[in-house]
Structure formats: structure tokens, C-alpha cells
Amino acid sequence: MNRSLLTTLILSSLASTAAYGQNFVIEDIQIDGLQRISSGVVFGLLPVGIGDEVSDQVPADIIRAITASEYFEEVEVSREGNVLFITVLERPSVSEINITGNKVLKTEDIIENMTTAEITEGGIFTRATLEAIRQGIQEVYSGRGRYGTTVDIEVEEQPRNRVAINMTVNEGKESRIQYINIVGNNAFEDDELLRLFELGVKPWYLPLSGRNKYSSEQLEGDIERLTSHYMDNGYVQFNIDSTPISITPDNEQIYITINVTEGEKYVVNEVNLAGDLVNAEAILRAYTVVATGQTFSQALVTATEEYMTQVLGNFGYAFAEVNGVPEINDEDKTVDVTFFVEPGNRTYVNRVNFVGNSATADDVLRREMRQLESAPASSQLIELSKVRLERLGYFSTVEVETIELPGTEDQVDVEYTVEEQNFSNISFSVGSGGGGDFFISSSLEAQNFLGTGRTVGIGINKSTFQKSLNFNYLDPYFTADGVARGFNVFLQEQESPFNIASFSTKSYGGSFNFSYPISEVQQIGFNIGYTHTELSSGGYSVQEIESSPKFFEGIDRYILSAPNANPFDGPVTDGVTGLVSALPFEYQGVNPDPGFIDQHGTSFDNVTFSTNWLRNTLNRGQLPTDGTFQQLSFEITMPGSDLEYYKFNYSGQFYRPLIGDFVLAGRTNIGYGGGYGNTNGLPFFQNFFAGGLSSNGVVRGFEENSLGPRSTDPRQFLIGSTSLLRDENGNIVRDESGMAEIDPDLFGYETEPVLDANGNQMLDASGNPQVKIAVESIALNQELDAFGGNILTTGSVELLFPLPFVTDRSRVRSSLFIDAGNVFSSNCTQSRSLLNNCSNFDMGEFRYSAGVSVTYLSPFGPLTFYLARPFTRNERDKEKNFDFTIGAGF
């Protein structure tokens, strides 16, 4: 109560006593001086009303009751006859709060500080509280190393008993730490202890470091780490005596001194359990990590407390408490540690509730629950249920809370709060690939279709190398015990993708798949499908697809000597021809290895069967930070299919948290394929590829699909379609016997007579002279494109690190990476090996790259960017230093 109110109270009480003289009954109450506050508020504060008797003490009680509301600056009570008069002077209200000059502290934070002190716009103004706010703001700035901060406050009076508060903040310069001195340490060197601190002197080699920016909160954290370091190394009586802070007169430099008392080093003597052990002493002791003879460590005591609490929680004691109490024996420098167990009542789950799942049905979440209602509450099952929700990939965050049921001692509700994210994606891509090919593709996949947990996807792609339409469906809970069922149908026309040897396929087909859970983290799956494929080699196909050179259709004989019917051009002679089929393949450039089409044709009907095993312990469905993922698959075409082949594939990931938000991650992909029965090797259009982001073997820093074995150039005879005589309609001209006629002006050849041992011209059975013909073939000099292989080995190691200024790190991932790997072939022909186009598995042929990558789960879908540079490559490798993938969500 301020001095003015106290004086008013005393004077009013004295006047009342003199005026009243004796008790009276109140006939009416009049209130004067109200401006903003209604009379009803005052009447509600009064301890008396009309009809009550007033004694000498009542005026003082009235004044105390009204002033306690803090609405009024002054209160006066008087009497005229039997009418009670109350005169008040209202305190002004705050019409507005204006703050200028603040940069370090946000205006909202300052206003929140004022709200805590009950000064808000529209609220009651008190000068005493305002002064406390000034000091509080200065203390907050001092805690951030700005000791020179001043706060000027001006109160501007306004009409209708209102005031405006104008606050000007002069933040001053930031004080910097010049030295931290630890006094009293003997067991550890200064450098070792100072490495525990976040605060410190700025290193000369880190000019942008903010380590020397003083913060009282950080200093408290550093002191806690210092204390923990000693307590974890046996110094149970360690104490921080004082932490004086010295500031230079200009408020720019700070010197911190930490005075410590280390005490002696202690070891553990006995470890005991006390309290209600719920017949589980053996199990509790198994989780005790404190042992006799150890150097005492508070961290091990705390860990034991947590382990025991978790074990009791798994037994249904949700509110169990375990406290490890050390008893110090100064004589022999030992510690007896006793863990006191208070299990409380065994608790049961009343209800499992979900909050935040506006789009996802409750039963989609409930089927992931391992903690059941009406069952004993188990910490392990509650946490496992939380992890299963996170692995779905439908939610960006999942939080769980165990809430004690009011009015009971043994029942709880378990509440899961989720934040949904875009579990449906529309991906749309426009760009250019190798060779400048332009492409457009789009696909839609709802992993949680209409909140049912089912996956429905449709894809439509149109580009220079692909036209496709596909539809897929998956029900992960086809049966209540988690058996999944799905199917897929597709129709596709595809030219060879970027950087791959030229060919085209037309295919259609479908498949059915089932998967079965075999544990909480493992499942096996089966798939059976049918595919019809029509293969075309295109023009100038590479040797591995179709061998060359070959004559064009319609050429069945070749001319040895052209006919001459004009005597002015020389002797009249008949033309001499030979059969193409009789030509020997002993001329330069002919590929002796038959291509895939030469061996197997161009149309295939295949029935495939595949099985896979999956183990997933990742902590999240997207952008995980802990756990592992492994998948092993085997695919084989059934005997009797047009192509008989098989493929193995293994993919694995791991994530291991390091310090803070840093995570070590790894990835590997291994594949092998081959043929059996009548199929020699893995069909080339089933080959593995590596390079870039889009292939099944990711090696960033290279063009997509560009690594591994390469194709062999196609070849053609010099005699070709331009050598044939054609009519005006483009049809091949044939002679009377049906043989194709050849334009001698366009056909180059060399002949040499075939002589016997005596040097005489030899004749064939028809009496025509025999000659040798030199038929030349030429390479088309195409660029050697990747052909893929049946052996895939790729992997990467990544360091995930937090980006500064990013608060929601569950949606953003940044990493430094090293990628390695390549594709190989175990079916390299001699000719390809001689041309250095192909190699079997050889670690010396691995390609390596390093770079930085960022992935962001945007509202429009996942975005991934990378910058990479290879540090092993050869002249045929195609480098790609930057790439990205982009999608849009709905």
C-alpha cells in the first residue's frame, strides 16, 4: 500500500469515527469518481450492503477491500444521515505500449515480460511495477552480455484517465569474454576443463565464432557440465565456491573466475536396493550399472535410476520412482549407494486417445498400438506404439503422454498427439537429360488414401524416351494381424533412358503381392507377375543388342564384275555375281559375338516370382535419425518363360546419433543377376545402372546411368541401301531372275582372281571365274553409351549436421557425403574386353565422389539438392556437379 493510500485510510477512519459517533443502518450507498469502472465492480468489493449495520470498524474494512483490487489510487468513505458515500480516484489504464531501439530482444518478448508484471494494453497502470519491469529488462540484457543497456520509460497522459507507455531501449555494445580462469583445480588441467565449456575465448582461427559472447544461461550450463565431469570421476564432494564476473568500465570486456573445491576421489563400496522391489530384485540388479570397486560416477547412478524406472514401467508401474542415494564414508574414501524403489500402484490403461489426426482415421493409428486398453500400462509397449506411428511416415511429429485418471489411483489414459504431414504426393518434373533430351513426367501417390492407411498411386509419364501409365494399390492391413495385399498394372513404351545404349521396348503386365509380419520389425513378402515385352533395336543398334555389320534386306547377291553391253566402252561381257550367304566372315570389323536379339528374338512373355525380406528399426518413416533398414530380395522368371533369368538385390541403411544433432549415416546397394536354362546371362534391359540420383545405384557427381560397362559401336558394310537401284516409288529394282540390282557407281569393291597352283584362273561349277572379294565394314563412330551390368555395388557414408537458423529439423536434412561404387559385368566378351568397354568386378574400378546435400520436406513435397565433385574418374565418365529432385504435395 503506497503512502497516499495509507494517509487516506488513516484520515478517513478518524473522520468516520467522529462523524458517526454511533452505529447506524445503511439505507443507501452512493459511489462518486468512477470513470471507466462500473459501480457494480465496486459494489462487489464492498463487505457491507444496504440494510447492514455500520460500526466504527466498517469504514476501514471498506477502504481495505476496495484498495486491495488495485483499481483505485485513493478511497474515501463518508456519511450523510444513513447514506454511505464512497469517493474513489481511479488508477489510469494503459492505452498503448510503444517500444523502440530493441534488436536483440524481440518486442513480443518484452511485452510478455510486462504482461507477467500485469502491465498490458487495457490494463491498470502502476509506476512501481513499471520500475520493476525496467530493472527486469536490463537484467535480461545483462544475461546476454549487454551490461551497458539502458531503458528509458516515458509515461504520456491521455484523455479519459489513460496513459501511453513509451519505452526506448539503448542496447549498447555486446560484452565479450576475454578470459575464463578456473581456480582450485588440481586433478584436471585447465585446458581439459575449458573444453567442456560452450563459452570461452574466441579461437584465432575461427574469426566468425560466437563462443566469446557472454550468456548467463550458457554459463550456468557450463558450470553444470563442470560439476558433472567431477561427479562422474569420483569427486562426490566437489563444489563450486563462487563465480565472480568482472566487467571493464566500458562494459565491453568480461573476465570470469570459477573458484572450485575438488575434494577427494571416492570409489563405490556397496550397492544396495531398498523399498518395495515387487518380487523383481534379480531383474532390477541386472539393470544396475553401478558396481563395487568402480570409481563413483553420478552418471552411472542416474542411468541405473532410469533403467530401473523403465523396467518397473514395463511391469505396469507407470509412476514408479527410483532414487539412488550415495552415503559418503570419509574415512576410507568410499561411497555406499542405495537405490530406494517406490513402485506405487500398478496402473492399467483406461483409454488410448489420439489428438491431431484430422485426416487420418482413428483405426489407422489404433492398429499400430501395442499397448492395449484395460491392460497393465507398459512403458515399453507405449514407446513401441509411438515408434510404430512414426514409421508410418504420415506424421511429422508424434508425442505421447500418460495422464493419471482423476479419482483413481491405478488407471491412466495414454494420449498420442500427432502432427500430420503431406502423406500424399503429386510429383511433377520438367527438365533435360543427357544429350539435351526434354522430358515431362508426373505421378500421384497417396500413401494414406482418404485417411484409410491404404496406398493408391497412378502415374502418367510423357517424354522423349518414355510413355507410360501405371496404377498400384496396397492395403497394409488386408487382415487384422497385418498381412498386406496389393497389385500393380502398367502399360509402357520406352526408349532407352539418358546415357544408355539405344533400344526401345513396349510392355504391359501386372502383379499381385502379399507380405507377412514375422516380428515387430521384420516382414517377408511374395510377388507374382506377368509381363509381355516387345523389343526393338532401332537403327544402328549396338553390337551387344544386335550384331553387325549386315546386308540390308533385299540383297542376296553381290556383283563381282559389272556387265557391259556397249562396245564403245570396251568388250561386251556378262556380269559376274556371287551369293551373299557364301561370303566368309573373315574380314575386318565383323563382330563374331551374336547380339541379344540374334539369340533370343524380340518378343517375350515372362512370368516372374519374387520374394523379399525386410527389417526396419528406423525411428521415423521420413528423414530418420536413428536405427537401421535392410531389405533382401530375389526375383526369378518361372521355367518355361521366354527369358529365364534371376536377380538378387540387397539394400541397407543405418543411422547412428553422435553428439548433439550430428548423425552418422550409411547406405549400400548390392545387386547380382544372371540367366539360366536357354538364356545366356541377364537380359540387357534388366541390367543394373549406376550414377546420379535416378539410377538404382546412386553415385552423385556423375550423370545418371552413366557408369559401368559401355556398348560397342554398330558397324555397316560400305555396300548399303544407297547402293541399291530403286524405281521412282523407292522400290528395289530386280532383274529377270529376281536378283536385286546394284548401282556400280555407288558400290566400291576390290576383286582378285583365284589362281590354281599353276597360276591359271579357276572357274566355279557354272564356268564363271572365281575371284576373291574384299568387303569393307566401317564403325558408325557413335558415342559409347552405358550398357549396364549384372553386378552392382554402391554405397555412401554421410555426416548429417544441423543447419543454423532451422528450428524444425524433422523436416530438413543436410549432410556431407562420400559416395562410392560402380556397375560390372561377369559376361564380358573378348571383343568388348579388348576395347576396354567392359570389366568384371574390380574395386580398382570404383568411382568416388564427395559433396553436400540438402533435403527439405516442403508443403509441396520433398526437395533434394546436392553439389558433388568426383575425385576418381576416367575420360569416358560424365560428370554432373549439381542435381535436384522436386515434387509437390496436396
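Because the structure is a prediction, the values reported are computed rather than measured.

Participant: Summarise the overall build of the protein; cite the residues concerned and give the values.
Facilitator: Within the protein one finds 13 helices and 41 strands. A total of 890 residues make up the protein; the buried ones form 41% of that total. Contacts spanning at least 24 positions in sequence make up 60% of the contacts within the protein whose residues lie at least 6 apart. Accessible area of the protein: about 46,300 Å², with a carbon and sulfur share of 52%.

Participant: Lay out the pattern of salt bridges in plain terms, naming residues and giving numbers.
Facilitator: Any two side chains of opposite charge can pair, on the condition that their charged atoms come close. Enumeration over the complete set of coordinates arrives at 22 salt bridges. The partner of Arg370 in a salt bridge is Glu520, with the nearest N and O atoms 2.7 Å apart. In this pair, Arg370 sits in the loop between α10 (362-366) and α11 (379-391) while Glu520 sits in the loop between β24 (504-517) and β25 (522-536), placing the two residues 150 residues apart along the sequence. Judged by relative accessible area, Arg370 falls into the partly exposed class, the value being 24%. A salt bridge links Arg869 to Glu879; the shortest N-O distance between them is 3.9 Å. Here the residue Arg869 occupies a position in strand β39 (residues 861-870), and Glu879 occupies one in the loop between β39 and β40 (882-886), the gap between them amounting to 10 residues. A relative accessible area of 29% places Glu879 in the partly exposed class. The network of salt bridges with shared partners includes Glu368, Arg370, Arg388 and Glu520.

Participant: Break down the sheet that holds strand β18 (residues 411-420) for me, with residues and values.
Facilitator: Here we have three strands laid out as an open sheet, ordered β16-β18-β17, and mixed in their pairing. Across the chains shown, the open sheet's two edge strands, defined by having one partner strand only, are β16 (348-355) and β17 (395-404). Between one strand axis and the next, the sheet turns through 15 degrees on average, direction left out of account. The pairing of β16 with β18 spans seven bridges and is parallel. Within β18, the position partnered with Asn353 by the bridge is Glu415. Across the face of the sheet, α11 comes into contact with β17 and β18 while running at roughly 160 degrees to β17.

Participant: Outline the environment of Ala274, listing residues and values.
Facilitator: Mapped onto the elements, Ala274 comes out in strand β13 (residues 267-275). The sequence separation of Ala274 and Val341 amounts to 67 residues, and the corresponding C-alpha distance is 6.1 Å. Setting aside chain neighbours within four positions, we find Ala274 in contact with Thr338, Phe339, Phe340 and Val341.

Participant: Which residues make up the sheet that holds strand β5 (residues 83-90), and what are the values?
Facilitator: Here three strands make up an open sheet; going across it, the order is β2-β5-β4 and the pairing mixed. Where the open sheet ends on each side, the last strands, each with one partner, are β2 (28-32) and β4 (72-80). Each adjacent strand pair in this sheet contributes to an overall mean axis angle of 20 degrees, direction not counted. Direction of pairing for β4 relative to β5: antiparallel, over a ladder of eight bridges. Looking across to β5, one finds that Ser78 is bridged to Phe85.

Participant: Can you tell me about the packing of aromatic side chains, naming the residues and giving the values?
Facilitator: Within this structure, the stated rule accounts for 27 aromatic pairs. Measuring from centroid to centroid gives 6.1 Å for Phe604 and Phe685, while their planes differ by 35 degrees, and the two rings are tilted. Within this pair, whereas Phe604 is found in strand β28 (residues 603-616), its partner Phe685 is found in the loop between β31 (663-675) and β32 (715-717), the two being separated by 81 residues in sequence. For Phe604, a relative accessible area of 1% translates into the label buried. Note on Phe684 and Phe685: the rings are 5.4 Å apart at their centroids and 80 degrees apart in plane angle, and the pair reads as edge-to-face. For Phe684, a relative accessible area of 6% puts it in the buried group. In this structure an aromatic cluster arises from ring pairing among Phe596, Phe604, Phe684, Phe685 and Phe787. If you follow Arg79 out to its NZ or CZ, it ends over the ring of Phe24, 4.0 Å from the centre. In this structure, Lys647 is placed above the aromatic ring of Phe688, and the distance from its NZ or CZ to the ring centre is 4.8 Å.

Participant: Any details on the pairing of strand β29 (residues 627-637)? Residues and values, ideally.
Facilitator: Pairing geometry for β28 and β29, over nine bridges, is antiparallel. Paired with Trp613 across the strands is Leu632, a residue of β29. Inspection of the sheet shows β29 paired to strand β30 (residues 645-657) by 10 bridges, in the antiparallel sense. Bridge assignment links Leu632 to a residue of β30, and that residue is Tyr650.

Participant: Tell me about the side chain of Asn790, residues and numbers included.
Facilitator: Turning to its location among the elements, Asn790 is positioned in the loop between β35 (777-779) and β36 (791-801). Here Ser826 takes part through its side chain, which lies 2.8 Å from a polar atom of the side chain of Asn790. If we ignore the near neighbours within four places in the chain, the residues touching Asn790 are Gly671, Tyr672, Gly673, Leu682, Asn687, Phe688, Phe824, Ser825, Ser826 and Asn827.

Participant: Break down the confidence of the model for the protein for me, with residues and values.
Facilitator: Of all residues in the protein, 78% have pLDDT values of 70 or greater, and the mean over the chain is 80. Ignoring residues within four places in sequence, the model shows residues 1-20, a span with pLDDT below 50, making 31 contacts including any to other chains. Note that pLDDT drops below 50 for residues 716-724; the model gives that stretch 34 contacts with residues more than four away or on any other chain.

Calculation rules
- Residues numbered from 1 in each chain as written.
- Predicted model: local features only at pLDDT ≥ 70, side-chain atom pairs only at ≥ 80, totals over all residues.
- Heavy atoms only, no water.
- Helix = DSSP H or I, 4+ residues; strand = E, 2+ residues; numbered from the N terminus.
- Buried < 20%, exposed > 50% of the residue type's maximum accessible area, 1.4 Å probe, protein only.
- Contact = heavy atoms within 4.5 Å.
- Areas by Shrake-Rupley, 256 points an atom, 1.4 Å probe, with all protein chains shown as cover.
- Salt bridge = Lys/Arg side-chain N within 4 Å of Asp/Glu carboxyl O.
- Pairing = 2+ DSSP bridges.
- Axes fitted to C-alpha atoms, helices over the stretch in contact; angles between N-to-C directions.
- Phe/Tyr/Trp six-rings, centres within 6.5 Å; stacked < 30°, edge-to-face > 60°.
- Lys NZ or Arg CZ within 6 Å of the ring centre and 35° of its normal.
- Polar contact = N/O pair within 3.5 Å; in protein donor to acceptor, adjacent residues only side chain to side chain.
- pLDDT = per-residue confidence, 0-100.

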